[in-house]
Structure formats: structure tokens, C-alpha cells
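# Reading the structure
Residues per chain are reported as follows:
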Amino acid sequence: MSDEQPTSKIKKYLSSENTIKGLFITSIASISALVSFSYAFGSARKSDSNVYDNKMAQLHADGSQLALRALKWGTFYAVTGCGLIIFGAWKLANAKSITEFRQKVSSVFPPVPKNYPPQSKTEFESISDFMQYLDDEYSTKKVSKSDKATTADIS
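Position numbers for residues count from 1 along each chain, tracking the sequence in the order it is written. Predicted model: local features are reported for residues with pLDDT of at least 70 only, side-chain atom pairs are reported and counted for 80 or more only, and whole-chain, interface and lining totals are derived from all residues. Working from all heavy atoms in the structure, the side-chain values ignore hydrogens and water.

An unreviewed UniProt entry lists the protein chain under the name Transmembrane protein 242, with Parthenolecanium corni as the source organism. UniProt positions are given in the numbering used here, feature names are shortened, and annotations may be inferred rather than shown by experiment. Note on the protein chain: under the UniProt heading Subcellular location (unreviewed entry), the record states "Mitochondrion inner membrane". In the Sequence similarities (unreviewed entry) part of its UniProt record, the protein chain is described as follows: "Belongs to the TMEM242 family."

## Describing the overall build of the protein chain
In DSSP terms, a helix is any run of H or I states spanning at least four residues, a strand is any run of E spanning at least two, and both are numbered starting from the N terminus. Across its full length, the protein chain carries six helices and zero strands. Any residue under 20% of the maximum accessible area for its type is buried, any over 50% is exposed, and the rest in between are partly exposed; the area is computed with a 1.4 Å probe on protein chains only. Buried residues in the protein chain amount to 3% of all 155 residues. A sequence separation of at least 24 residues applies to 13% of the contacts in the protein chain between residues at least 6 apart. Residue burial considers only the protein chains on display, and all accessible areas are found by Shrake-Rupley using a 1.4 Å probe. Entry remark: accessible area of the protein chain is about 14100 Å², with carbon and sulfur atoms responsible for 65%. The contact criterion used throughout is that any non-hydrogen atoms of two residues lie within 4.5 Å.

## A short note on the environment of phenylalanine 124
With respect to the helices, strands and loops of the structure, phenylalanine 124 is situated in the loop between α5 (98-108) and α6 (127-154). Looking at phenylalanine 124, the relative accessible area reads 27%, which means it is partly exposed. Excluding residues that lie within four positions of it along the chain, phenylalanine 124 makes contacts with Asp129, Phe130 and Tyr133.

## Considering the UniProt feature "transmembrane region" (unreviewed entry) in the protein chain
Mapped onto this structure's residue numbering, the UniProt feature "transmembrane region" (unreviewed entry) falls at residues 20-41 and 74-93. Along residues 20-41 the backbone is 100% helical and 0% strand, and the end-to-end C-alpha distance reaches 31 Å. Strand forms 0% of residues 74-93 and helix 100%; the C-alpha atoms that close the span are 28 Å apart.

## A look at a nonpolar patch on the surface
Taken together, the side chains of Ile127, Phe130, Met131 and Leu134 make up a nonpolar region of the molecular surface, amounting to roughly 380 Å² of accessible area. Here phenylalanine 130 shows up in helix α6. A relative accessible area of 32% places phenylalanine 130 in the partly exposed class. Only residues above 30% relative accessible area that lack a salt bridge enter a patch, with like-charged residues linked at up to 9 Å and the nonpolar side chains Val, Leu, Ile, Met, Phe, Trp and Tyr linked at up to 5 Å. The rule for a salt bridge is simple: a side-chain nitrogen of Lys or Arg has to be within 4 Å of a carboxyl oxygen of Asp or Glu.

## Some thoughts on the pattern of salt bridges
The full count for this structure, using the stated rule, is one salt bridge. For the salt bridge of glutamate 100 with lysine 104, the shortest nitrogen-to-oxygen distance reads 3.6 Å. Of the two residues, glutamate 100 and lysine 104 are both situated in helix α5; the distance of four residues between them amounts to about one turn of the helix. Exposure remark for lysine 104: the relative accessible area of 31% places this residue in the partly exposed category.

## A closer look at the packing of aromatic side chains
Each aromatic ring pair is summarised here by two numbers: the centre-to-centre distance and the angle between the ring planes. Aromatic contacts are taken between Phe, Tyr and Trp rings whose centres are within 6.5 Å, Trp giving its six-membered ring; a plane angle under 30 degrees counts as stacked, one over 60 as edge-to-face, and the others as tilted. Under the definition given, this model contains six aromatic pairs. Seen in terms of ring centroids, tryptophan 73 and phenylalanine 76 are 5.7 Å apart; in terms of plane orientation they differ by 85°. Their pairing is edge-to-face. Note that tryptophan 73 and phenylalanine 76 are positioned in helix α4 (residues 56-93) at a spacing of three residues, about one turn of the helix. Aromatic pair tryptophan 73 and tyrosine 77: ring centres 5.6 Å apart, planes at 35°, arrangement tilted. Of this pair, tryptophan 73 and tyrosine 77 both sit in helix α4, four residues apart, which is roughly one turn of the helix. Note on tryptophan 73: relative accessible area 45%, which makes it partly exposed. Take tyrosine 77: its relative accessible area is 54%, and that puts it in the exposed class. Put simply, the rings of Trp73, Phe76 and Tyr77 pair up and form one aromatic cluster.

Shown next as C-alpha cells:
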């Protein structure tokens, strides 16, 4: 851990040039989206003002009901689909219990490697630090693969 206070880290992060650029681009995109939505809403309201003036409460209620119905059906499809996939895998494995299913699945798939304690960097100061780390890792893996290919070609 460093000796810096959390507030000084936040101030340092917010004062960085990339953060200011990101906030500027985000604000421009948000403003343009708001303006274009307002323009589209206004033109639709001008074309059929009767719908927006007299039946706004009815439209709100219909929209809420439609959203709730979509949420219910989406949940139903997600739960049913995942349940069918899991049930199918269970039947294909011909397992009688959960432990037997776990053993059969672990015999088919490779084990998940343990990463405790972590073998690589896990905390980054900024997005650019993270991207630089990814670039370095990718380039070292690419170099090691090309070295292996070169040594295989030589022998």
C-alpha cells in the first residue's frame, strides 16, 4: 500500500489529461444524444399532438405494461433455456448424483488452474497503465511463440 491519501489519489486521477479528454468526449456524446432525442420527440409531438396531450397517461401505462410483460417473458426464456441446457448435459452424462456429474464433467474438461497468489499484475493506476500492461504481455507471448517456432525449425 502507498502512503498517499485516497483523496489525493482521486485528485491525481481526475487531473490527468486522459481523464479530462474522456470526460469531454463523453459529455459531447451525451449532449448530442439528448439533443437528437429531443428533436425526434418534438417532431413526433408536432405531427400528432393529440396523442401526446390527451393520452399521455394511457401511453405511460401501456409502456409500463409492455416492459413488464417483456421482462417476464425474457426471464421465462432465460430460466427455461438454461434449465434445458443443464438438464440435457445431466442426461448426456448419465449421472445419478451431483458428485458423479461433477466427476464426469471434470474428466472431460481440463482443470481450472489456481491463480492464488496471483502470478501477474492485478492493480492498475489508469486505463493507459492497463493497456500498456496488456501490450507488453501480448508482445512477450508473441516473441516466445516465435522463438519456439524458430527453434523447432532449426532442429
